[in-house]
Amino acid sequence: MNPDESTDFDRLVRELQQEIARREQELYSETVLREARNPQNMGSLPDADLYGAVRGWCGDSMEIYMRLNGGAIEEVSFTTDGCGATLACGSMLTQMLTGMTLADAEWVLPEDLVQALDGLPEENMHCAGLAVSTLHNALFNWHVAEMEQQGEED
Ligand code: FES
């Protein structure tokens, strides 16, 4: 290969990468970029007390696992096959939930997550919705299991 071709190609790749980084910075807050590039609490949680899973209208899905200690969320994790913004949402939401009581977790709204991420572009608002819906699905499953258990005890 002609060494100039390789140089031109490398330069093109570098320029493209710079362009992508510039556009990402225009679209996303520093917090979103940080969480998306280094997501926290990713993966499943063996022996989770709570589990929720939701597929959003965009076709992406999220799972949330929580382990309790008393009434508090001791450990929480997530998985997703979604976009970078969804990674950031899962990462931030799981950090917000750690140490929170289940009662307080019921009140977490997509707006709270968006605020914690220092904003999201309009086209990614549904990613926050997917994350919070997954949380609420886990809480719903928990309540159903509790009611079933109570029914068995009565
Ligand atoms: Fe589907 Fe982000 S684009 S969850």
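## Observations regarding the overall build of the protein chain
Regarding its fold elements, the protein chain presents 6 helices and 3 strands. The order of α-helices and β-strands along the protein chain, N terminus first, is α-α-β-β-β-α-α-α-α. With respect to the three principal axes, the spread of C-alpha positions in the protein chain is 80 × 30 × 30 Å. Residue pairs at least 24 apart in sequence account for 59% of intrachain contacts in the protein chain once pairs closer than 6 positions are excluded. Counting only carbon and sulfur atoms, one obtains 51% of the accessible surface of the protein chain, whose full area is about 9200 Å². Put simply, the protein chain has 8 plus and 29 minus side-chain charges, and the middle of one group is 14 Å from the middle of the other.

## Digging into the side chain of serine 77
Relative to the helices and strands, serine 77 is located in strand E3 (residues 72–80). Within the local environment of serine 77, its side chain forms a polar contact with the backbone oxygen of glycine 43, the two atoms lying 2.7 Å apart. Those residues in contact with serine 77 that sit more than four places away from it in its chain are Asn41, Gly43, Ser44, Leu45, Glu63, Ile64, Tyr65 and Thr94.

## Quick look at the sheet that holds strand E2 (residues 61–69)
Remark on secondary structure: sheet strands pair via backbone hydrogen bonds, oriented parallel or antiparallel. The strand order E1-E2-E3 describes an open sheet built from 3 strands, whose pairing is antiparallel. Of all strands in the sheet, those bounded by a partner on one side alone are strand E1 (50–55) and E3. Adjacent strand axes in the sheet meet at a mean angle of 15°, parallel and antiparallel pairs treated alike. Across 6 bridges, E1 lies against E2 in antiparallel orientation. Its bridge partner being in E2, valine 54 is matched across the sheet by methionine 62.

## Quick notes on the environment of arginine 22
Here arginine 22 lies in helix H1 (residues 3–27). Along the primary structure arginine 22 and glutamate 35 are separated by 13 residues, whereas in three dimensions their C-alpha atoms are 17 Å apart. A distance of 2.6 Å separates the side chain of arginine 22 from the side chain of glutamate 26, its partner in a polar contact.

So, how was this worked out
Residues numbered from 1 in each chain as written. Predicted model: local features only at pLDDT ≥ 70, side-chain atom pairs only at ≥ 80, totals over all residues. Heavy atoms only, no water. Helix = DSSP H or I, 4+ residues; strand = E, 2+ residues; numbered from the N terminus. Contact = heavy atoms within 4.5 Å. Areas by Shrake-Rupley, 256 points an atom, 1.4 Å probe, with all protein chains shown as cover. Lys, Arg positive; Asp, Glu negative; His and termini not counted. Charge placed at Lys NZ, Arg CZ, Asp CG, Glu CD. Polar contact = N/O pair within 3.5 Å; in protein donor to acceptor, adjacent residues only side chain to side chain. Pairing = 2+ DSSP bridges. Axes fitted to C-alpha atoms, helices over the stretch in contact; angles between N-to-C directions.

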